[in-house]
Amino acid sequence: MLLDGKKIRDRIEKELAHEIHTLKDKPTLAILQVGLREDSTAYINQKRIFAEKIGAFIIHKQYPETVEENEIIHDIHNFNRDSSVHGIILQIPIPEHLNRKLLIDAIDPHKDVDGLSSANTKKLWEKDLTGYIPATTKGILALLEAYKIDIQGKKVVVVGRSTLVGKPTALALLNKNATVTICHSKTENLSQETLQADILIVATGHPLLIKKNFVKPGQIVIDVGINLIKGTKLEEEIPGKKFVGDVDFENVKDIVEAITPVPGGVGPLTVASLFENLLTAYKQSKI
Ligand code: NDP
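Draft legend 1. Region of the structure containing the sheet that holds strand β6 (residues 199-202). Here we have five strands laid out as an open sheet, ordered β5-β4-β6-β7-β10, and parallel in their pairing. Of all the strands in the sheet, just β5 (179-183) and β10 (258-259) have a single pairing partner and so form its edges. Where β6 lies against strand β7 (residues 220-223), four bridges are found, and the strand directions are parallel. Considered in β7, the bridge of Ile-199 is made with Ile-220. Along the sheet, helix α6 (residues 135-146) contacts β6 and β7; its crossing angle with β7, the most-contacted strand, is approximately 150°.

Draft legend 2. Structural detail: the packing of aromatic side chains. Per the counting criterion, the structure on display carries one aromatic pair. Here the aromatic rings of Phe-50 and Phe-275 are separated by 5.4 Å at their centres, their planes lie at 40°, and the arrangement is tilted. Taken together, the positions of Phe-50 in helix α2 (residues 38-54) and Phe-275 in helix α11 (residues 266-285) put the pair 225 residues apart, joining distant regions of the chain. Accessibility assignment for this pair places Phe-50 and Phe-275 in one class, buried.

Draft legend 3. Examining the nonpolar core more closely. Leu-29, Leu-144, Ile-201, Ile-222 and Phe-275 are the most contacted members of the largest nonpolar core, which totals 50 residues. When residues of this core are assigned to their parent elements, the largest contribution, 10 residues, is made by α11. Those residues in contact with Ile-201 that sit more than four places away from it in its chain are Ile-140, Val-156, Val-157, Val-158, Val-159, Thr-169, Leu-173, Ile-222 and Val-224. Residues Leu-90, Leu-98, Ile-104 and Ile-107 belong to the second largest nonpolar core, which totals 20 residues.

Draft legend 4. Just the pairing of β5, in detail. Pairing of strand β4 (residues 155-159) with β5, which is carried by five bridges, proceeds in the parallel orientation. By the bridge assignment for β5, Val-157 is matched with Thr-181. Chirality of the crossover, the property in question, places the unit of β4, helix α7 (residues 166-175) and β5 among those that are right-handed.

Draft legend 5. Representation of helix α3 (residues 69-81) in the model. A rise of 1.5 Å per residue sets the reference length of α3, with its 13 residues, at 18 Å; its end C-alpha atoms lie 19 Å apart and thus fit the reference within 8%. For α3, the full list of buried residues reads Ile-72, Ile-73, Asp-75, Ile-76, Phe-79 and Asn-80. When α3 is viewed along its axis, its buried side chains cluster within an angular range of 160° and face the same direction. With respect to the buried face of α3, the exposed residues turned more than 90 degrees away are Asn-70 and Arg-81. Residues of α3 that are buried in the fold lie against β1 (28-34), β2 (57-63), β3 (87-90) and α4 (100-106).

Draft legend 6. Inspection of the site of the ligand at higher detail. As a structural note, the neighbourhood of the ligand is formed by 22 residues, with Arg-161, Ser-162, Ser-185, Val-224 and Thr-270 the closest of them. Protein burial of the ligand: of its 930 Å² of free accessible surface, 71% is covered by the chains. At three residues, the largest contribution of residues to the shell around the ligand is made by α11. The residue inventory of the shell around the ligand, partitioned by class, reads nine nonpolar, 12 polar and one charged.

Draft legend 7. Structural context of unusual backbone geometry. For the peptide bond that leads from Ile-92 to Pro-93, omega is 5°, which places it in the cis range. Geometrically, the link from Val-262 to Pro-263 is a cis peptide bond, its omega value of -5° lying close to zero. When you line up the elements, Pro-263 lands in the loop between β10 and α11. Of note in this structure, Asn-189 is not a glycine but carries a positive phi near 50°. Residue position: Asn-189 is located in the loop between β5 and α8 (190-194). Residues other than glycine seldom take positive phi values, yet Leu-208 does so here, at roughly 55°. Summarising the element assignment, Leu-208 is placed in the loop between β6 and β7.

So, how was this worked out
Counting of residues starts from 1 at the beginning of each chain's written sequence and follows it residue by residue. Thresholds applied to this predicted model are a pLDDT of at least 70 for local features of residues and 80 or more for the giving and counting of side-chain atom pairs; totals over whole chains, interfaces and linings are not thresholded and use all residues. To obtain the side-chain values, all non-hydrogen atoms of the structure were included, while hydrogens and water were left out. Pairing between two strands requires that DSSP report at least two bridges joining them. The helix count covers DSSP runs of H or I at least four residues long, the strand count covers runs of E at least two residues long, and both are numbered beginning at the N terminus. Here, two residues are considered to be in contact whenever any of their heavy atoms come within 4.5 Å of each other. Interaxial angle, 0 to 180 degrees, is taken between N-to-C directions of lines fitted to C-alpha atoms, where a helix line uses only the stretch in contact. Put simply, two rings from Phe, Tyr or Trp (the six-membered ring, in Trp's case) pair if the centres are within 6.5 Å, and we call them stacked under 30 degrees between planes, edge-to-face over 60, tilted for the rest. Burial classes: relative accessible area under 20% of the type maximum marks a residue as buried, over 50% as exposed, and values in between as partly exposed (1.4 Å probe, protein chains only). Grouping buried Ala, Val, Leu, Ile, Met, Phe, Trp, Tyr and Cys residues that are joined through side-chain atoms within 4.5 Å yields what is termed a nonpolar core. Convention used here: a crossover is right-handed provided that the path from the first strand, over the helix, to the second strand proceeds clockwise when the strands point away from the viewer. Any helix carries an expected span of 1.5 Å times its number of residues minus one. Arc definition: it is the arc formed by the directions from the helix axis to the C-beta atoms. Residues are counted as near a molecule or strand when any one of their heavy atoms sits within 4 Å of it. In short, Shrake-Rupley with a 1.4 Å probe defines the accessible areas, and a residue's cover is counted only from the protein chains shown. Note that Gly is not counted as nonpolar here; it falls among the polar residues with everything else outside the nonpolar set of Ala, Val, Leu, Ile, Met, Phe, Trp, Tyr, Cys and Pro and the charged set of Asp, Glu, Lys and Arg.

Structure, rendered in structure tokens:
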């Protein structure tokens, strides 16, 4: 079975548009972008398109690659104080000279709709449901829920331990009573681990890492990876494709029970989940 993220995204989009239509003012998201990375600009455009469809508003603040932390923090503080701005996100990755943690922690936790600040991370760690869950993790939960896939008591293997995807996803699933294993680049015998999974979640940035010897029948496979293959040797091997996942879809799709496509799986739900968080932030700002 194909786990169709676009279909669920479309449903969330309709629900958000319907609700936002009834509001007095528009939920507003400030996006801070440093530099001109092509992939970041593409992700921001996806957010802009989604925002337009649901009636939310985007403020896109761009900085040169050489910007100093102080300048960004100054703007974040202004957005924190501005009651017409409900959410603030820093588009990641940022250049190495900038301290990501310092910048993200400058965002008011109530406006941290990416859920990446220390305050919201602590809430996830402590299973405090008042925090924002990072959008990709929230999207994965939405996908599992939409397809009525049981989490409680299931063996979940997460491949990847990043702060952005792997760790929050593992924690969120632990909070839902899964038995969670986290794998990474130093894991020995990765396939031995992935073969144990009822639900396998892969977020490595390593194109086509998971092949048929890593999976077994009955598994649910969620592929978070989005890898641009332009300019790599995969471009010739897989003609007509711009992106591939971390899972070799063609190789494993006939073995497993269900799998997300790339694109069209987790990606669309990440965007929708971000705007669900924004609407929550908007509503909380009115209390
Ligand atoms: P990071 O590079 O921050 O983290 C990658 C993780 O994967 C690390 O923990 C690393 O291990 C692990 N890893 C890398 N190679 C291997 C390997 N061969 N075997 C086992 N583990 C490995 O990436 P992100 O988490 O930010 O992103 C992962 C992927 O997800 C990327 O393709 C990215 O584009 C995509 N993504 C997709 C989103 C969506 O909406 N669909 C949103 C965000 C990201 P170690 O810690 O040991 O280095």
